[in-house]
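# Observations on the three-dimensional arrangement
Residues per chain are reported as follows:
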Amino acid sequence: MKITVLSGGVGGARFISGLLAATRRDDEITVIGNTADDLWLFGLRVCPDLDTVMYTLGGGIDPERKWGRTDETWNAKDELIAYGADRTWFGLGDRDLATHLVRSEMLRAGEGLAAVTRRLCERWQPGVRLLPMTEDEVETHIAIDGTGPDGRDVIHFQEYWIRLRAEVPVRDVVIRGAETATAGPGVVDAILDAEVVVLPPSNPIVSTGAILSVGQIADAVRSTAAPVVGVSPIIGGGAVRGMADQLLTGLAIELSASGVARHLGARSDGGVLDGWLVDTSDAAQLAAVEAAGLVGRAVPLYMSDDATTAQLARDTLDLAGAVAGSSAA
Ligand code: GDP
Ligand code: CA
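Residues numbered from 1 in each chain as written. Chains lettered and ligands numbered in written order. Predicted model: local features only at pLDDT ≥ 70, side-chain atom pairs only at ≥ 80, totals over all residues. Heavy atoms only, no water.

## Some words on the coordination of the calcium ion (ligand 2)
- Summarising the metal site, the calcium ion (ligand 2) is bound by the protein donors Asp37 (OD), Asp49 (OD) and Asp49 (OD), whose distances to it range over 2.1 to 2.6 Å. Taken together, the positions of Asp37 in the loop between β2 (28–33) and β3 (39–41) and Asp49 in helix α2 (residues 48–58) put the pair twelve residues apart, joining distant regions of the chain.
- Residue classification places Asp37 among the buried positions, given a relative accessible area of 5%. (Donors = N, O, S within 2.8 Å, 3.2 Å for Na, K, Ca; no water. Helix = DSSP H or I, 4+ residues; strand = E, 2+ residues; numbered from the N terminus. Buried < 20%, exposed > 50% of the residue type's maximum accessible area, 1.4 Å probe, protein only.)

Structure, rendered in structure tokens:
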């Protein structure tokens, strides 16, 4: 089976680990990774979501933090602080730095981000094909109405999330560069050739939303013959972790599983989804999900351990099968 997943960082990576456990070795899983969180830091290109997926699936992730490397040390960061360098709020660990050094050197030598990511994955063997959504520089910025440092109105997503801890009100989210970006190598084909396309429980605005802000990717998702199914990142009126709550509220999107489903929309109605999983505690929202034109099911959505995460992946594939069956009928 060919499965293509549009993934952010932590939520997406965890889901994909379940998908690997729930599928067979000869199933082909392609992950289209969000690159709109990427940034230049000290001359290095940092790709937090690609690295979270790569480290999580490759066994290199810090199990407590859920980002960055195991057994990390922070000597370089401490030295940067001692110099009074800018932007030391970003967590650049010593081990992690090597990834950014290899990536940045390859980019400077003229390699594309897809080839660079392939090279990094040769070490980590994530068990999936990891494709950057685009090789163009796309960056998420958050409009915050002058409440930020130095009274700035618009700041990079990482500054909003890490430095300001998502504690200032959001007025708007701008995926800069998306309108002119083209899909990365292999991305459109991976969606068109898939047998199932999955939107995992990633942030619907800055992760899957950013991936879908690339026009060629949204068009491919709208037109693929594969069923497109998603897992709600919102359970019972809140994000399990992360800053989806603040972003959805800032954009006046209802903070609920069905609110996100309506925001993404049914493919039969110009949107990107055919099916949507909500948590069992949100079963009362299935009527609203179905009223939005989606096939809905309620199953446990907390990825609390490996077994429940693998079961969630199986439930997602079951839903895709049901969607495909009902459209064939
Ligand atoms: P990020 O790039 O590291 O923020 O990661 P993602 O965008 O892939 O995932 C973040 C989202 O995952 C958060 O907004 C949460 O709502 C969601 N999430 C995290 N853990 C879980 C979980 O156990 N179950 C579900 N359904 N959603 C989760
Ligand atoms: Ca991210």
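Moving on from the model shown.
## Overview of the packing of aromatic side chains
- All chains considered together, the criterion is met by three aromatic pairs.
- With centroids separated by 6.2 Å and ring planes inclined at 70°, the aromatic side chains of Trp67 and Trp74 adopt a geometry described as edge-to-face.
- Here the basic side chain of Arg65 rests over the ring of Trp67, its NZ or CZ set 4.7 Å away from the ring centre.
- Across from the ring centre of Tyr55, 5.8 Å away, lies the NZ or CZ of Arg69, which sits over that ring. (Phe/Tyr/Trp six-rings, centres within 6.5 Å; stacked < 30°, edge-to-face > 60°. Lys NZ or Arg CZ within 6 Å of the ring centre and 35° of its normal.)

## A few points about the nonpolar core
- Core analysis: the biggest nonpolar cluster contains 56 residues, and Tyr160, Ile217, Leu247 and Trp276 have the highest contact counts within it.
- Sort the elements by how many residues they give to this core and helix α11 (residues 257–264) lands first, with four residues.
- When residues of this core are assigned to domains, at least three fall in each of domain 1 (2–135 + 179–241 + 255–328) and domain 2 (139–176).
- What Leu247 contacts, discounting residues up to four positions off in sequence, is Ile142, Tyr160, Val170, Val173, Asn203, Ile205 and Val206. (Core = buried A, V, L, I, M, F, W, Y, C linked by side-chain atoms within 4.5 Å. Domains from an automatic or database assignment. Contact = heavy atoms within 4.5 Å.)

## Regarding empty space enclosed by the protein
- If you walk through the whole model with that rule in mind, you get one cavity of 30 Å³ or more.
- In this structure, the largest cavity encloses a volume near 40 Å³.
- Lining of the largest cavity is provided by Leu199, Pro200, Ser202, Pro204, Thr208, Val231, Pro233, Val260, Leu264 and Trp276.
- In the lining of the largest cavity, the residues fall into eight nonpolar, two polar and no charged. (1 Å grid on protein atoms, 1.4 Å probe; cavity = no way out; pocket = protein on both sides within 12 Å on 5 of 7 lines; lining within 4 Å. Points joined across faces, edges and corners; volume = space filled by probe spheres on them. Nonpolar A, V, L, I, M, F, W, Y, C, P; charged D, E, K, R; others polar.)

## Looking at the packing of α2 against helix α4 (residues 94–108)
- Packing of α2 against α4 brings their axes to within 12 Å, and their N-to-C directions diverge by 120°. Judged on the interaxial angle alone, α4 and α2 are oblique. Between α2 and α4 lies a crossing of right-handed hand. Here Asp51, Met54 and Tyr55 of α2 come into contact with α4, specifically with Asp96, Thr99, His100 and Arg103.
- For the contact of α2 with α4, the class distribution of residues is two nonpolar, two polar and three charged. (Axes fitted to C-alpha atoms, helices over the stretch in contact; angles between N-to-C directions. Parallel < 35°, antiparallel > 145°, perpendicular 65-115°, else oblique. Left-handed = near helix turned anticlockwise from the far one by under 90°.)

Geometric values such as these leave the question of function open.
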